[in-house]
Each structure stands twice: as C-alpha cells, then as structure tokens.
Amino acid sequence: MARTRDAEQSGAARRAKIIAAAGTLFADRGYRGTSLEAVATAAGITRPGLLHHFSSKETLLTAVLAELDLQAFEEVDVDRDYQGPAVHRALDIVDELAVRSQKHRELTRLGQFVLSGSGDTPQLARDWSVQRVQTFRDHLGQVVDQGIEAGEVRADADSTAIALVVIGAMTGLAELWLQDESIDMAGAMRALTDMLRRDLVGPAEHTHS
C-alpha cells in the first residue's frame, strides 16, 4: 500500500514537472516550435517517459492550459468568504488576477499567446481561449445583473459592456506589460476597477438622449 502511494506521488510530481517545463517552452518557442523531445529534456526525463504521461503534444497542451486556470484561481482563492456587494468581490478577484499576472510572466505570456489565436496554436487552444473569455464574461455579467436585482448596483448598468471593458483592459494591459515591464499593470487595473466600484454602486444621475 505504501509503495503504491509512493509511486502515485512520484508520478504526480513527474507529471507536474512535465507540465511546468512544457508551459515555459510553449511560451518561449510557441506550440509548433516546441517538440516533445525538448519538453522531455527540460523535465529531465526521456521521450518515452513523457509519452507515458501524455500521449501527444496536444494532450500535453490541454494539461498546460488546465493548469494555467487552476493555478490562477487557487492563488486568488475565489471561494473565500466575503462581506459586501458581490460585484465588489468580483472586481477584487480581477485585481488579484492582475497582481498574479504581474508576478508570473511566463504564465501571462502563455495566456496571451493562446488568446492571440495565431496560426501557431492548434484549434483546441483557440477553443479554450474562446471558452475562457466567454465564461469570464458570463460570470462577471451575472454578478452585475444579480447586483442590480438586489439593489446593490445602479439599475441602468450594462452588465455585458462592463464585462467586455474589464476583459479588454485585462488582456490589453497584459500585452502592454509584456512589451514594457515598467508599466504597472496591476495599478492600472486597480484604477479601472476603483472607477467601476464608485460608478456601479452610485445612483444613475444621467440619461442617454
């Protein structure tokens, strides 16, 4: 029993090492420029050893993308208890994701690379990117709509537009920061979310003509 448990732990550790090595190489060289041999070498194992865990490069990329999301949401602790309007908590998570992106350049670079939808990325990566944006947009929009129903958010707030502005700011700032790390990506994101906090919880004092 102990031997089986040790083998499982060893296998999980090796799998994690492969995923980490692959994520770095995909970010640096692109999908097509990264071979399984290169990943195996970076992970300190043989190609057959890698194929024991991942049967193809696409399977490996799928695992890398899943790990990208898992790490992001574990680090910001999305399930912790929170007092106050739900929309404030959602914007706090946005702020925390920006801080995390600024701490983990390789992961941010990989996420932007996939999001760009270049010809270098396989269809499964482009599908993941589209689904990721759609899910984030839907979740943030739902939080805003629920806040409107609960009387916590101004009644004329456009939940879809707000979600798109936040997503656009996150992706745009990440791209700018990857080009120039002197940019305070997290600070800029916080400036936007602070404006949204002030605007969304305030009364609607103007109308559109």
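Residues numbered from 1 in each chain as written. Predicted model: local features only at pLDDT ≥ 70, side-chain atom pairs only at ≥ 80, totals over all residues. Heavy atoms only, no water.

### Focus: the packing of aromatic side chains
The description of two aromatic rings rests on the distance between their centres and on the angle between their planes. With the rule as written, the count across this model stands at one aromatic pair. Each ring, one from F26 and one from Y31, has its centre 5.7 Å from the other, and the planes form 35 degrees; the classification is tilted. Summarising the burial analysis for this pair, F26 and Y31 share the class buried. Here K57 stacks its cationic end above the ring of Y31, 4.4 Å away from the centre of that ring. (Phe/Tyr/Trp six-rings, centres within 6.5 Å; stacked < 30°, edge-to-face > 60°. Buried < 20%, exposed > 50% of the residue type's maximum accessible area, 1.4 Å probe, protein only. Lys NZ or Arg CZ within 6 Å of the ring centre and 35° of its normal.)

### Re the pattern of salt bridges
Taken as a whole and judged by the stated rule, the model has eleven salt bridges. For E96, the salt bridge is made with R89, and the minimal N-O distance between the two is 3.5 Å. For R89, a relative accessible area of 8% corresponds to the buried category. With a closest N to O distance of 2.9 Å, D156 and R154 form a salt bridge. Residue classification places R154 among the buried positions, given a relative accessible area of 9%. When salt bridges with common partners are traced through the structure, they connect D92, D95, R190, D194 and R197 into a single cluster. (Salt bridge = Lys/Arg side-chain N within 4 Å of Asp/Glu carboxyl O.)

### A few points about the side chain of Q112
Assignment of secondary structure puts Q112 in helix α6 (residues 105–115). At 3.3 Å, the side chain of Q112 and the side chain of E175 are in polar contact. In this structure Q112 touches T171, A174, E175 and L178, once residues within four positions along its chain are discounted. (Helix = DSSP H or I, 4+ residues; strand = E, 2+ residues; numbered from the N terminus. Polar contact = N/O pair within 3.5 Å; in protein donor to acceptor, adjacent residues only side chain to side chain. Contact = heavy atoms within 4.5 Å.)

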